[in-house]
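A structural walkthrough
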Amino acid sequence: MYNGALPNGDRGRRKSRFALYKRPKANGVKPSTVHVISTPQASKAISCKGQHSISYTLSRNQTVVVEYTHDKDTDMFQVGRSTESPIDFVVTDTISGSQNNDEAQITQSTISRFACRIVCDRSEPYTARIFAAGFDSSKNIFLGEKAAKWKNPDGHMDGLTTNGVLVMHPRGGFTEESQPGVWREISVCGDVYTLRETRSAQQRGKLVESETNVLQDGSLIDLCGATLLWRTADGLFHTPTQKHIEALRQEINAARPQCPVGLNTLAFPSINRKEVVEEKQPWAYLSCGHVHGYHNWGHRSDTEANERECPMCRTVGPYVPLWLGCEAGFYVDAGPPTHAFTPCGHVCSEKSAKYWSQIPLPHGTHAFHAACPFCATQLVGEQNCIKLIFQGPVD
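Below or above, wherever it landed, is the structure these notes cover. No experiment lies behind these values; they were computed from the predicted model shown. (Residues numbered from 1 in each chain as written. Predicted model: local features only at pLDDT ≥ 70, side-chain atom pairs only at ≥ 80, totals over all residues. Heavy atoms only, no water.)

**Here we look at the overall build of the chain**
For the chain, the helix and strand inventory stands at four helices and 25 strands. Counting all 395 residues of the chain, 50% fall into the buried class. Intrachain contacts of the chain at a sequence separation of at least 6 include 61% that bridge at least 24 residues. Here the chain has roughly 19400 Å² of accessible surface; of this, 51% comes from carbon and sulfur atoms. (Helix = DSSP H or I, 4+ residues; strand = E, 2+ residues; numbered from the N terminus. Buried < 20%, exposed > 50% of the residue type's maximum accessible area, 1.4 Å probe, protein only. Contact = heavy atoms within 4.5 Å. Areas by Shrake-Rupley, 256 points an atom, 1.4 Å probe, with all protein chains shown as cover.)

Rendered as structure tokens:
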């Protein structure tokens, strides 16, 4: 989750936003022949045939290999940490609240190299389905002895990846009225399961037969280290554009909000200048929402370093610069930027702030918490966001 671009810039297959288009030629695959093999050599022979296959190692002397054949009706897109050619979209671990990846290098990534695959129908309504695991450079998905795997009652094999692929579909789509759905785990063959006790436990959850792996507008996909938001073409049609957000920025600046103490005019910096705090930048006390210009007073000896006393109402709390949320895909409506997430200070519309404030995002191996969609900082405070109080003609 990023604010319009990766901290070090978008490059090639590694960027903060990916668009899926119909491929010139279908590259989807579907299961065909199943082989039960008792020697590693035979298993290797099948996986070297140049066809896609999924190998389930049951024991040292038994492997089930499911061959996949070309499917002219679907396109497949693969997501993962690997930079090898089968991966269409390269994702790296999101560092919570970090402005720059150089500050906090990931020591060991928890995102799988071949994390998941999204399969889209080539004909309307262009249904998109998600599956755990992606095919590697030898067109193979390999589930070793330790991976959770099983044979379903109808005879077909299935399994889970080490850290799993979790999906949450919001109830009511991605709109102002949406409510968070329930997080589920998606299997290698696309079935839906309740969550395991911990992220990489051996025992799978229970099959949820009433739910499917079809992605909806607003579905969240968690790869254990990065969370992706899925938006449909129709959903984006009703979402504010980058131009609209820029117009809202100019509108709020045109109203010339003032610092109630310094009486100097405040202005949200241009969307292209997201890193550097500017002289006219609005700052806010996140306990009360009063907006000021930057000043150095209000420190109290009995509070933490970042806590200040608001000169307007004497409330003590964090005092931070405000940044406009620039990634239009995270907005649920086109309302004016009136609310800030706490404690990071990213600003967006009231309904967008309240929506993300109630969404529990996976964190680590078994925790969930609400986070700012623009920087992934864990939210705090009673509401996780605050209404901003501007001095002057804005309010």
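**Thoughts on the environment of Phe390**
If you trace the backbone, Phe390 turns up in the segment after strand E25 (385-387). Phe390 sits in the buried class, given a relative accessible area of 8%. Sequence separation of Phe390 and Cys259 is 131 residues, and the distance between their C-alpha atoms is 8.3 Å.

**Brief notes about the pairing of strand E21 (residues 337-341)**
The buried fraction of E21 is high, at four of five residues. Looking at chain direction, E21 and strand E22 (residues 346-349) are connected through three bridges and run antiparallel. Bridging from a neighbouring strand, Ala340 pairs with Val347 of E22. Following E21, the chain reverses through four residues before pairing antiparallel with E22; Gly345 in that reversal takes a positive phi of roughly 85 degrees. (Pairing = 2+ DSSP bridges.)

**Here we look at the side chain of Glu309**
With respect to the helices and strands, the residue Glu309 is situated in strand E18 (residues 307-309). For Glu309, a relative accessible area of 17% puts it in the buried group.

**Some thoughts on the environment of Asn306**
Along the chain, Asn306 falls in the loop between strand E17 (291-292) and E18. Sequence separation between Asn306 and Pro318 is 12 residues; the distance between their C-alpha atoms is 5.5 Å.

**Observations concerning the nonpolar core**
In this structure, Leu220, Leu322, Phe341, Trp356 and Leu388 are the most contacted members of the largest nonpolar core, which totals 43 residues. Looking at this core, the elements that each hand over two or more residues are strand E11 (165-168), helix H3 (242-254), E21, E22, helix H4 (350-357) and E25. For this core, the element with the highest residue contribution is H4, accounting for three residues. Judged by nonpolar contacts, the second largest core, of 38 residues, contains Tyr56, Val66, Val91 and Ile141. (Core = buried A, V, L, I, M, F, W, Y, C linked by side-chain atoms within 4.5 Å.)

**Considering the sheet that holds strand E19 (residues 316-321)**
Pairing is antiparallel in the open sheet, where four strands are placed in the order E17-E16-E19-E18. Here the strands that pair on one side only, and so sit at the sheet edges, are E17 and E18. With three bridges connecting them, E18 and E19 associate as antiparallel partners. Directly across from Arg308, in E19, lies its bridge partner Gly317.

**Here's the deal with the pattern of salt bridges**
One pass over the structure, following the stated rule, counts 13 salt bridges. Between Glu211 and Arg184 there is a salt bridge whose closest N-O contact spans 3.0 Å. On the criterion of sequence distance, the pair formed by Glu211 in the loop between strand E13 (192-193) and strand E14 (220-222) and Arg184 in strand E12 (residues 184-186) is long-range, its members being 27 residues apart. In this structure Arg184 comes out as buried when scored by relative accessible area, which is 17%. (Salt bridge = Lys/Arg side-chain N within 4 Å of Asp/Glu carboxyl O.)

**Notes on the packing of aromatic side chains**
Summed over the entire model, instances satisfying the criterion amount to 16 aromatic pairs. Judged by centre distance (5.0 Å) and plane angle (35 degrees), the rings of Trp283 and Tyr319 are tilted. Within this pair, whereas Trp283 is found in strand E16 (residues 283-285), its partner Tyr319 is found in strand E19, the two being separated by 36 residues in sequence. Since its relative accessible area comes to 2%, Tyr319 is described here as buried. Each ring, one from Tyr355 and one from Trp356, has its centre 5.5 Å from the other, and the planes form 85 degrees; the classification is edge-to-face. Here Tyr355 matches Trp356 in class, with each residue buried. (Phe/Tyr/Trp six-rings, centres within 6.5 Å; stacked < 30°, edge-to-face > 60°.)

**Here we look at the side chain of Asp222**
Turning to its location among the elements, Asp222 is positioned in strand E14. If we skip the residues at most four places from it in the chain, Asp222 touches Gly164, Val165, Leu166, Trp183, Arg199, Thr227 and Pro362.

**A closer look at the layout of surface pockets**
In this structure, the second largest pocket spans a volume of roughly 520 Å³. In this structure, the second largest pocket is lined by 29 residues; those nearest its centre are Ser112, Phe142, Leu143, Thr161 and Thr162. Considering each element in turn, the lining of the second largest pocket owes the most residues, four residues, to strand E8 (residues 140-143). Tallied by class, the residues present in the lining of the second largest pocket amount to 13 nonpolar, 11 polar and five charged. (1 Å grid on protein atoms, 1.4 Å probe; cavity = no way out; pocket = protein on both sides within 12 Å on 5 of 7 lines; lining within 4 Å. Points joined across faces, edges and corners; volume = space filled by probe spheres on them. Nonpolar A, V, L, I, M, F, W, Y, C, P; charged D, E, K, R; others polar.)

**Overview of the pairing of strand E7 (residues 128-132)**
Here E7 lies mainly inside the structure; four of its five residues are buried. Bridge count for strand E6 (residues 116-121) against E7 is five bridges, and the pairing is antiparallel. If you follow Val119 over to E7, its bridge partner there is Arg129.

**Looking at H4**
Those residues of H4 not exposed but buried are Ser352, Ala353, Tyr355, Trp356 and Ser357. Buried residues along H4 sit against E14, strand E15 (227-229), E21, E22 and E25.

**Quick word on H3**
Here H3 is 13 residues long and its end C-alpha atoms lie 18 Å apart, about the 18 Å a rise of 1.5 Å per residue gives. Within H3, burial applies to Ile245, Leu248, Arg249, Ile252 and Asn253. Angular distribution of buried residues about the axis of H3 spans 135 degrees; they occupy a single face of the element. Residues Lys243, Glu251 and Ala254 are exposed on H3 and point more than 90 degrees away from its buried face. Residues of H3 that are buried make contact with strand E20 (323-324) and E21. Among the residues trailing H3, Arg256 stands out with phi positive, at a value near 50 degrees. (Expected span 1.5 Å × (residues − 1). Arc of directions from axis to C-beta.)

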